[in-house]
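Residues per chain, in single letters:
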There are 2 protein chains.
Amino acid sequence: MDDRKSAGAEAAKPREAPYHHGDLREALLRAAESELTEKGVEGFTLRGCARRAGVSHAAPAHHFRDANALLTELAAVGFGRFVAAMRARQDQAGDDPRQRLVGAGLGYIDFARANPALFRLMFSSFRPDFETLHLKTEAADAFGLLVDSVAALRGVDPRTVRSAMRDVASAWATAHGLADLLLSDRMAFMDEISDGRPEALYADIISRSVPDRPAGGG
Amino acid sequence: MDDRKSAGAEAAKPREAPYHHGDLREALLRAAESELTEKGVEGFTLRGCARRAGVSHAAPAHHFRDANALLTELAAVGFGRFVAAMRARQDQAGDDPRQRLVGAGLGYIDFARANPALFRLMFSSFRPDFETLHLKTEAADAFGLLVDSVAALRGVDPRTVRSAMRDVASAWATAHGLADLLLSDRMAFMDEISDGRPEALYADIISRSVPDRPAGGG
DNA sequence: CTCACAATCTTGACATCGTCAACGTTCCAT
DNA sequence: ATGGAACGTTGACGATGTCAAGATTGTGAG
C-alpha cells in the first residue's frame, strides 16, 4: 500500500531492521493469521505473533490492548473476507434468487474450508469481543447478506415478516452446520455419497432448508 | 457408587484428607467438568482441576498422560450423555419415525444448551484425541443413533443407500448448526420469531432437512 | 506376618505464556 | 532545534504444562 512507510521492514531491502517497524499493526495481523493457521485457536500465542513480525514480545501492546484485542480485529477482517466469499459464489450463481441463496451457503462453506482456524475463531471462540465496533459491524454485514438473500427469494423483508426470518434461521443453521462439521472432519462419509460432486450435494442440502412453499404463520 | 473407596475424600467425613485420594480419577473428571463449565474450553486449566480435586498440581499425571488426555476422556463421557439426551427426546416422541428423528435433533440441541462448554469441547476443539478408543466408540454411538433414526424413517439402511445417507448428512448439519449457533448466542432473534415456542420452530427447521419425498439418486 | 515393590501423591524445577513497568529510540510539530 | 508523543525493548511477575525426584501407602509373594 504505502511504499514509504513499509519500507525497511520485510520489504525489498531489509537493511538491518530499523528501530521503528513502520507498519507493525498490519504486520501483526498478518502474523496473527499465520500463527492461527499453523497452531490453531488453542495454540495461538501473542509472543509467537511478535516473533513472526520480528519484534520484541511486548511490542504488540502498542497496537493492541491485549491478545484478545488482536484476535478481535483479526476476526473482524475475517468477516470481511467471509462476506466476499459469499458474494463471489452469488456472482457466479446468476439471477435466480434460490440459486443465489444457495450460492451464499456455498460461499459460507468455501470460506470455512479455506480458513478453518479463522472460521473457528469467528464462530467457536470466546476470545474475540463482539461488542467491539469493527467486529460488530462486519459480523452484522455478513448476517445482512443472508437476510437480503432470503428477502430476494421470498419477496418480503425478513426483518418484518416472521416466516421469512425463520427461513433465514433455517438456511443459516444448515450452511453453518455443514461448514462446521466439514472442517472438523466429522463428515468423511461425504466423499462416498456425493458422486464426486460434493458441492452439488451441499447445494441440495442447503436448498432443502428453504422449501419452495414458505411455511405458514408469518 | 462405592462408599468404601470414596470414603475419606470429598465424602461425608473428610478426616484430614488421606495421602491417597482413593478415587482421584473420577474426582478429576468431575473437577474437569466444573473447570470447563466455569472457565470454558479456552480457560481450562489442568492445575485448576487439581486444585478442585484437592490434590497437588502434578497428581493428575498418574491418571491421565497429560491435559489433553483428561479432556479426551471428558469428551467421551460427554458423548455418552449426549446420546442419552437424544434418546430421552425420542422416548417422548412416540412411534412416528419422523417425530423420532426430530426428537433426536431436539435432544442434540438440549444437550448443547445444557452443556455449552462440553459441547464445544466435543465439536469445536482439537484437544480431545478422537483416535482414543473410548472417545472413538462413544462418538460412533452418537452417529449411529442418527443413522438409525433416518433408517427408521426411510425404511432403508443409510450405510448402503446413498440417498438415505444424504438425509443423515442433512439432518445432522441442520441440528448441529442450530445447536452451535444457539449456544454462541448468534440467534438472539429466535425469540422474536418463535411465537414463544422455540422448540416448535427448531422442530420445523429440523424437519425441513429431510423432506417427505426422498431425494433421487440413491 | 513382613517386606519389597508398585501405585499414588508431593515438592521442586524448567521453559513458556500474557501482562506490566521502566526505559531507550525515533518522529514530528512547534 | 527541541521537547513531547509515538513506538519498540528489556526485565520482571505470576501462572501454566510437564518432567524428575522423593515421600507415602497399598499389596501380593514368601
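Residues numbered from 1 in each chain as written. Chains lettered and ligands numbered in written order. Predicted model: local features only at pLDDT ≥ 70, side-chain atom pairs only at ≥ 80, totals over all residues.

Overview of the overall build of chain A
And then number 1: A count of helical and extended segments in chain A gives nine helices and zero strands.
And then number 2: Start at the N end of chain A and walk to the C end: the helices and strands fall as α-α-α-α-α-α-α-α-α.
And then number 3: Excluding contacts between residues fewer than 6 apart, the proportion of contacts in chain A whose partners are at least 24 apart in sequence is 60%. (Helix = DSSP H or I, 4+ residues; strand = E, 2+ residues; numbered from the N terminus. Contact = placed C-beta atoms within 7 Å.)

Topic: the protein's contact with DNA strand D
And then number 1: Contacts to DNA strand D come from 21 residues, most closely from H21(A), V55(A), S56(A), A58(A) and D66(B).
And then number 2: If one sorts the elements of the surface near DNA strand D by residue count, helix α2 (residues 46-53) of chain B sits on top with three residues.
And then number 3: Counted by class, the surface near DNA strand D contains ten nonpolar, nine polar and two charged residues. (Near = placed C-beta within 6 Å. Nonpolar A, V, L, I, M, F, W, Y, C, P; charged D, E, K, R; others polar.)

Some points on the domain arrangement of chain A
Residues and elements named next belong to chain A.
And then number 1: Its domain assignment divides chain A into domain 1 (15-64) and domain 2 (65-208).
And then number 2: Here the C-alpha centroids of domain 1 and domain 2 sit 28 Å apart.
And then number 3: Listed per partner, the contact involves twelve residues of domain 1 and 13 residues of domain 2.
And then number 4: Within the residue set of the side of domain 1 that touches domain 2, elements represented by two or more residues are α1 (24-39) and α2 (46-53).
And then number 5: Here the residues of the side of domain 1 that touches domain 2 are counted per class, giving nine nonpolar, two polar and one charged. (Domains from an automatic or database assignment.)

With respect to the relation of the copies chain A and chain B
And then number 1: Superposing chain A onto chain B takes a rotation of 180° plus a shift of 0.0 Å along the axis, which leaves an RMSD of 0.1 Å. Such values leave the two copies arranged in the relation of a two-fold axis. When C-alpha distances to the rotation axis are compared across chain A, the minimum falls at G177(A), with a value of 1.8 Å.
And then number 2: Interface overlap between copies is the fraction of interface residues in one copy that are interface residues in the other; for chain A against chain B it reaches 100%, indicating a shared surface. (Least-squares fit on C-alpha atoms with pLDDT ≥ 70 in both.)

A look at the packing of helix α6 (residues 133-154) of chain A against helix α7 (residues 162-183) of chain A
Residues and elements named next belong to chain A.
And then number 1: α7 packs onto α6 with a crossing angle of 125° between their chain directions and a minimal axis gap of 9 Å. Judged by the inter-axis angle, α6 sits oblique to α7. Our pair here, α6 against α7, has a crossing hand that is right-handed. Residues L146, V147, V150, A151 and R154 of α6 form the contact with α7, whose own contacting residues are A164, D167, V168, A171 and W172.
And then number 2: Of the residues in the contact of α6 with α7, the class split is eight nonpolar, no polar and two charged. (Axes fitted to C-alpha atoms, helices over the stretch in contact; angles between N-to-C directions. Parallel < 35°, antiparallel > 145°, perpendicular 65-115°, else oblique. Left-handed = near helix turned anticlockwise from the far one by under 90°.)

Side note on the confidence of the model for chain A
And then number 1: For chain A, mean pLDDT is 92; residues scoring 70 or higher make up 90% of the total.
And then number 2: Of the regions scoring below 50 in pLDDT, residues 1-14 of chain A engages in 15 contacts with residues more than four places distant in sequence or in other chains. (pLDDT = per-residue confidence, 0-100.)

Regarding the interface of chain A and chain B
And then number 1: Listed per partner, the contact involves 33 residues of chain A and 33 residues of chain B.
And then number 2: If you list the elements that add at least two residues to the side of chain A that touches chain B, you get α5 (116-124), α7, α8 (190-193) and α9 (198-208) of chain A.
And then number 3: Among the residues making up the side of chain A that touches chain B, the classes are represented as 16 nonpolar, nine polar and eight charged.

Examining the protein's contact with DNA strand C
And then number 1: If you check the shell around DNA strand C, you find 21 residues, and the closest are D66(A), H21(B), S56(B), A58(B) and A59(B).
And then number 2: At three residues, the largest contribution of residues to the surface near DNA strand C is made by α2(A).
And then number 3: A class-by-class count of the residues in the surface near DNA strand C yields ten nonpolar, nine polar and two charged.

Concerning the packing of helix α3 (residues 67-91) of chain A against helix α4 (residues 97-114) of chain A
Residue and element names in this part refer to chain A.
And then number 1: Running from N to C, α3 and α4 cross one another at 135°; their axes reach a closest spacing of 7 Å. Relative to α4, the element α3 is oriented oblique. As for the relative orientation of α3 and α4, their crossing is right-handed in sense. The residues of α4 that touch α3, namely those facing R81, F82, A85, M86, A88, R89 and Q90, are R100, G103, A104, L106, G107, Y108, D110 and F111.
And then number 2: Its residues assigned to classes, the contact of α3 with α4 shows eight nonpolar, three polar and four charged.

Looking at unusual backbone geometry
Residues and elements named next belong to chain B.
And then number 1: Positive phi is not limited to glycine here, since D185 has a value of about 65°.
And then number 2: Positive phi, close to 55°, is recorded for D195, a residue that is not glycine.
And then number 3: Note that D195 resides in the loop between α8 (190-193) and α9 (198-208).

A closer look at the environment of L145(A)
Residues and elements named next belong to chain A.
And then number 1: Looking at the element boundaries, L145 is found in helix α6.
And then number 2: The spacing of L145 and M86 is 59 residues in sequence and 8.3 Å in space, taken between C-alpha atoms.
And then number 3: Setting aside residues up to four positions removed in sequence, L145 forms contacts with V83, M86 and A104.

With respect to α9(A)
Since the α-helix turns once every 3.6 residues, residues separated by three or four places project in the same direction.
And then number 1: Residues L201(A), Y202(A), I205(A), I206(A) and R208(A) constitute the buried set of α9(A). Here the buried residues of α9(A) occupy an arc of 160° about the axis, which is enough to place them on one side.
And then number 2: As for α9(A), its buried residues are in contact with α4 and α7 of chain A together with α7 (162-183) and α9 of chain B. (Buried ≥ 20, exposed ≤ 12 C-beta atoms within 10 Å, placed from the backbone. Arc of directions from axis to C-beta.)

Brief notes about the environment of I206(A)
And then number 1: In this fold, I206(A) is placed in helix α9.
And then number 2: Under the C-beta neighbour-count criterion, I206(A) is labelled buried, with 26 such atoms within 10 Å.

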